[in-house]
Amino acid sequence: MIKADYTPDYIFETSWEVCNKVGGIYTVLSTKAKSMQDMCKDRAIFIGPDVWKESESPWFKEDKKLYENWRKTAILNDRLNVRVGRWLVPGEPVVILVKFDQFFPVKDVIYGDMWRKFGVDSLNAYGDYDESCMFAYATGAVIESFYKYHKLESKKVIAHFNEWMLGMGALYIKDRLPRIGTLFTTHATSIGRSIAGNGKPLYNYLAAYDSDQMARELNMEAKHSIEKIAAQQVDCFTTVSDITTRECKQLIHRDPLVTPNGFEKDFIPVGEAHEKKRLDARKKLINVAEKLLGYDIQPDALLVVTSGRYEYRNKGIDVFVDAMHRLEQIKQLEKDVIAFIMVPAWIDGPRADLQERLKSKKNTASPLSHPHITHWLRNMNHDSILNQINYLKMENKKEDKVKIIFVPSYLNGSDGIFDVPYYDLLIGMDVSVFPSYYEPWGYTPHESIAFSVPTITTSLAGFGLWMRKMGDERGMDDGAEVLTRDDYNFIEVSEDICNRVFEMTTKSNEQENILRKAALDRAALADWSHFYQYYKEAYTIALKKAGARG
């Protein structure tokens, strides 16, 4: 008996973060792209929002020859505003960017249709809901146009939608093209993130939460409705970790397939190139700190970082600042510790006074005003990070062993202070800390060990949970420490982080090198060569169900 082949002929994958670097999903898709290309060359097609007006996306290269005849038909006959090109990431997959302005005038008709056919409740929508759903609807129209033009009815076709923002695209395809196998991935449930972000205990009481009632309480009805219905309607519903699986079962009411997030390590420098990049990064980081603080930093200072989205409680930024304050109180601390918080915020721009100092070769003998921050914020007096630093009286004086520096800009290579991408600074760090309270996967610790930087994370991060499953040694000896975190142990986690970072200040160069090698070895177990198989399983499930519909 010949076994049926469920390798897709075409994969369409859609997300707000295709060629649009705003969060962790960009990392998921941009690093997974090479594995998708290896499986179906130039027939793994990403669809992203064409939101570029004054400037072009730095990650997109237009190619008017790619699918040229279809593109012209889509524009002329289907009234779709599309551009086709390559996503400038490993594998350089085909990407379609689509504008979606033309759907706004008919959004109420679209919402009415979604209510009648699927029960999607858009009545109390606000904020980014309209923009997201009109883009999602546009992706459905793009897939339909491509599918019909190329007569793909006899082909094995997958349409994959990421996050609630693309839920309406999944429903569009289910309604109009039933032969396509549909996937929907929630990287974090909208209602779970909202419960956590509003300071409510998510984990101890998860089994008692009624998601529809909580959506009404937290003004999340529209987003929760589209996410829940898309998840329940598609052929295969997936999520990224065991921890988010528990959320999905309780809040979305469907068991997902777990497709953990891998990482594409091809672009990470190795050997001498890695060491050169590391030294360059350290030099740049220490130079910015010295110019900001107005005094010399020890060359062997321990460089610590936390990064990610500005979710003050969910990402554990509050715990990180508290832990650095505790570290400052340890009398045996002999080495300078520079703690960087690399979290994008609402900035006004780079500091001109700091830029001026960085241009000068002279040493400066006085700190700048506000010696905790590299870019001016628009809401300096109401910023949670700065307020906590001020409350704890962390003043960044020369005699203080722990200096804390907030870098609130996107590190995309043109921030005006560092002017190199985040990865080119991460590689220079000695240890990273991500004490997450709500973290469906946790690309930041994952990226960290991939760049040979030992990391500290928690049991409430999907990646932390995965590392424990693989066997997490006590302490940092395997390059990563997973701290147990729950709804109520803030102080214990802060103390643990303080102690682990203190231990790092006592390591010799040889011991540090051993830890960096252990981190890299651990990262190798979590790249796409190990994890892409789970997506193949998801494609098979979806294609079997689509095939059964005839």
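For the structure, see preceding data.
Residues numbered from 1 in each chain as written. Predicted model: local features only at pLDDT ≥ 70, side-chain atom pairs only at ≥ 80, totals over all residues. Heavy atoms only, no water.

Draft legend 1. Highlighting the sheet that holds strand S14 (residues 402–407). Ordered by their spatial adjacency, six strands build an open sheet running S14-S11-S10-S15-S16-S17, and the pairing between neighbours is parallel. With partners counted over all chains shown, the strands left at the sheet margins are S14 and strand S17 (480–483), one partner each. Strand-to-strand twist of the sheet, defined as the mean angle between neighbouring strand axes without regard to direction, takes the value 20°. Packing against the sheet, helix H11 (residues 317–328) makes contact with strand S10 (302–307), strand S11 (337–342), S14 and strand S15 (431–433), and its axis sits at approximately 170° to S11. (Pairing = 2+ DSSP bridges. Helix = DSSP H or I, 4+ residues; strand = E, 2+ residues; numbered from the N terminus. Axes fitted to C-alpha atoms, helices over the stretch in contact; angles between N-to-C directions. Contact = heavy atoms within 4.5 Å.)

Draft legend 2. Representation of the pairing of strand S5 (residues 94–98). Burial within S5 is extensive, with five of its five residues counted as buried. Pairing analysis gives five bridges linking strand S2 (residues 44–49) to S5, with the strands arranged parallel. Bridge assignment links Gly48 to a residue of S5, and that residue is Leu97. Taking the residues between adjacent antiparallel strands as the criterion, strand S4 (residues 82–87) and S5 are bridged by six residues, where Gly91 takes a positive phi near 95°. (Buried < 20%, exposed > 50% of the residue type's maximum accessible area, 1.4 Å probe, protein only.)

Draft legend 3. Summary view of the packing of aromatic side chains. What the rule picks out here adds up to 36 aromatic pairs. Linked through ring pairs, Phe263, Phe267, Tyr422, Tyr423, Tyr443 and Phe451 together constitute an aromatic cluster. Directly above the ring of Tyr423 sits Lys21, whose terminal nitrogen or CZ lies 5.8 Å from the centroid. Above the face of the Tyr535 ring, Lys32 is positioned so that its terminal group lies 3.9 Å from the ring centre. (Phe/Tyr/Trp six-rings, centres within 6.5 Å; stacked < 30°, edge-to-face > 60°. Lys NZ or Arg CZ within 6 Å of the ring centre and 35° of its normal.)

Draft legend 4. How the structure looks around the side chain of Asn396. Structurally, Asn396 is set in the loop between helix H13 (384–391) and S14. On the basis of relative accessible area, Asn396 is assigned to the buried category, the value being 3%. The residues contacting Asn396, other than those within four sequence positions of it, are Leu293, Tyr295, Pro371, His372, Val402, Lys403, Ile404 and Ile405.

Draft legend 5. Inspection of the nonpolar core at higher detail. Residues Trp87, Phe340, Met342 and Phe418 are the most contacted members of the largest nonpolar core, which totals 77 residues. Element by element, the count of residues in this core is highest for helix H19 (residues 528–548), at eight residues. Residue contacts for Met342: discarding those within four places in its chain leaves Leu285, Val305, Thr306, Ser307, Gly308, Val407, Leu411, Tyr422, Leu425 and Met429. In terms of nonpolar packing, the next biggest core, distinct from the first, is built from 57 residues, Tyr129, Cys133, Leu177 and Ile252 among them. (Core = buried A, V, L, I, M, F, W, Y, C linked by side-chain atoms within 4.5 Å.)

Draft legend 6. Broad picture of the pattern of salt bridges. The full count for this structure, using the stated rule, is 40 salt bridges. With a closest N to O distance of 3.8 Å, Asp130 and Lys107 form a salt bridge. You can see Asp130 sitting in helix H4 (residues 129–149) and its partner Lys107 sitting in helix H3 (residues 107–118), a full 23 residues away along the chain. In this structure Asp130 comes out as partly exposed when scored by relative accessible area, which is 22%. Since its relative accessible area comes to 23%, Lys107 is described here as partly exposed. For Asp113, the salt bridge goes to Arg116, with nearest N and O atoms at 3.7 Å. With a gap of three residues between them, Asp113 and Arg116 both fall in helix H3, about one helical turn apart. Here the salt bridges do not stand alone but share partners, grouping Asp50, Glu56, Glu62 and Arg83 into one network. (Salt bridge = Lys/Arg side-chain N within 4 Å of Asp/Glu carboxyl O.)

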